[in-house]
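Topology and contacts: notes
In case you want the letters, here they are:
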Amino acid sequence: MSGILQLLLSGASVTGTMNLLVVGGAGGGGPWGGGGGGAGGYRYFTEVTYFKGITYTATVGGGGGATSTSCNMVTGNPGTASSFIGGVISYTSAGGGYGGTYSGIAGGNGGSGGGGGQQPIASGGSGNTPNVSPSQGNNGATATDAPTYYSGGGGGAGSAGGPTEARNGGNATANSITGTSESYSGGGGGANAGTGGTNAGRATGPDAPCASGTANFGGGGGGGGFCGNPFPQTPGGCAGGSGVVIISVPNSVTASSTTGSPTVTTSGGRRIYKFTGTGTITF
């Protein structure tokens, strides 16, 4: 017996369809010449059937935190998954992979993969991990050797890290579920001075600190700078941006209850519920 049939037999009734965006928390950039953090997984669905009286739980993943500013060889921190689950609906976007670091430490796997560290060059992490269709993200870039000595950029929802400039993060993906086009799940930039995807963190140059991904856009954190003379002590990797869960229904539909204080707006004949922290919604 199908899940939908079981719900109907239990007395639940079809309310309508929703559009749904689920973005995972992004990975943090690696320290000490580190790779960029991988973007949080990006998954967008339209015309998803929902049921009256069923409580749906939105879980919003956190970005991987910033790493120590001391000269150590730990990797960045991975992001955590976001999800929207209830009844027969179950959608999860993985957290982004961490950025690798100096001494050839590879980037982590995740929604998008983190960029690899350098000297010796290391590979970027694998994106779309675990595997879903359509893909939730892309691979991080492999670092380069002399003369550039770039650490890899993190993968993004729109493209892999690099590849022309290995240090640059992968592209974000634009989505207009809120009524305004905004970019989600860009890859973090890798050292030295890699750019990040939109709403992701850039990497440091030898003389500047890195930047973190923007909260609730799932963008990877930038990789940290180099350690020791002649460079300043700016080796810490930066944090990845947290994820988000956004639901869009016709403007005539109002939830009977919510928890977690989602932001509620209207645009283009649609009512939008935006969760920036964990909560529930019932129609």
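Residues numbered from 1 in each chain as written. Predicted model: local features only at pLDDT ≥ 70, side-chain atom pairs only at ≥ 80, totals over all residues. Heavy atoms only, no water.

So, about the pattern of salt bridges. Applying the stated criterion across every chain, the model contains 1 salt bridge. Put simply, Glu165 and Arg167 hold a salt bridge, and the shortest N to O gap is 3.7 Å. (Salt bridge = Lys/Arg side-chain N within 4 Å of Asp/Glu carboxyl O.)

The strand order 5-4-3-12-9 describes an open sheet built from 5 strands, whose pairing is antiparallel. Because the sheet does not close on itself, it has two edges, and the strands there are strand 5 (89–93) and strand 9 (257–259). For this sheet, the mean angle separating the axes of adjacent strands, direction not counted, is 10 degrees. Inspection of the sheet shows strand 3 (residues 55–59) paired to strand 4 (residues 82–86) by 3 bridges, in the antiparallel sense. Bridging across to strand 4, Ala58 finds its partner in Phe84. (Pairing = 2+ DSSP bridges. Helix = DSSP H or I, 4+ residues; strand = E, 2+ residues; numbered from the N terminus. Axes fitted to C-alpha atoms, helices over the stretch in contact; angles between N-to-C directions.)

By size, the foremost hydrophobic cluster in this structure holds 22 residues, and its most contacted members are Phe84, Ile247, Ile281 and Phe283. Those elements that provide at least two residues to this core are strand 1 (13–23), strand 2 (42–52), strand 3, strand 8 (244–250) and strand 11 (270–275). The dominant element in this core, judged by the number of residues it contributes, is strand 2, at 4 residues. Discounting residues that sit within four places of it in the chain, Ile281 has contacts with Ile54, Thr55, Tyr56, Phe84, Ile247, Ala255, Ser257, Thr258, Tyr273 and Phe275. Core analysis: the next-biggest nonpolar cluster, separate from the first, contains 10 residues, Val23, Tyr42, Tyr184 and Phe217 among them. (Core = buried A, V, L, I, M, F, W, Y, C linked by side-chain atoms within 4.5 Å. Buried < 20%, exposed > 50% of the residue type's maximum accessible area, 1.4 Å probe, protein only. Contact = heavy atoms within 4.5 Å.)

A word on the state of the cysteines. Defined simply, a disulfide is a covalent bond joining two cysteines at their sulfur atoms. The final tally for this structure, using the stated rule, is 1 disulfide. Shown here is the disulfide that connects Cys210 with Cys238, its sulfur atoms set 2.0 Å apart. Between Cys210 and Cys238 the disulfide shows an S-S torsion of about 95 degrees. By sign, it is right-handed. Placement of the pair is Cys210 in the loop between strand 7 (182–184) and strand 8 and Cys238 in the loop between strand 7 and strand 8, with a sequence separation of 28 residues. Classification of Cys210 as buried rests on a relative accessible area of 12%. (Disulfide = S-S within 2.5 Å.)

With glycine set apart, most residues show a phi of negative sign, and most peptide bonds adopt trans. In this structure, the amide linkage connecting Ser133 to the following residue, Pro134, adopts the cis form with an omega of -5 degrees. Mapped onto the elements of the fold, Pro134 is located in the loop between strand 5 and strand 6 (173–175). A cis amide bond links Gly162 with the next residue in sequence, Pro163, at an omega value of -10 degrees. With respect to the helices and strands, the residue Pro163 is situated in the loop between strand 5 and strand 6. With a phi angle near 50 degrees, Trp32 is a residue other than glycine that sits in the positive phi range.

Within the secondary structure, Arg43 sits in strand 2. For the buried Arg43, no salt bridge is present, and the opposite-charge side chain at shortest range is Glu47, 17 Å distant. There is a polar contact of 2.9 Å between the side chain of Arg43 and the backbone oxygen of Thr92. Filtering out sequence-adjacent residues up to four positions away, Arg43 remains in contact with Leu20, Leu21, Val22, Tyr91, Thr92, Ser93, Val132 and Gln136. (Lys, Arg positive; Asp, Glu negative; His and termini not counted. Polar contact = N/O pair within 3.5 Å; in protein donor to acceptor, adjacent residues only side chain to side chain.)

Before going further, it helps to examine the pairing of strand 4. In terms of residue burial, strand 4 counts as a mostly covered element, since 4 of its 5 residues are buried. Pairing of strand 4 with strand 5, which is carried by 5 bridges, proceeds in the antiparallel orientation. Opposite Gly86, over in strand 5, you have Ile89 as the bridge partner.

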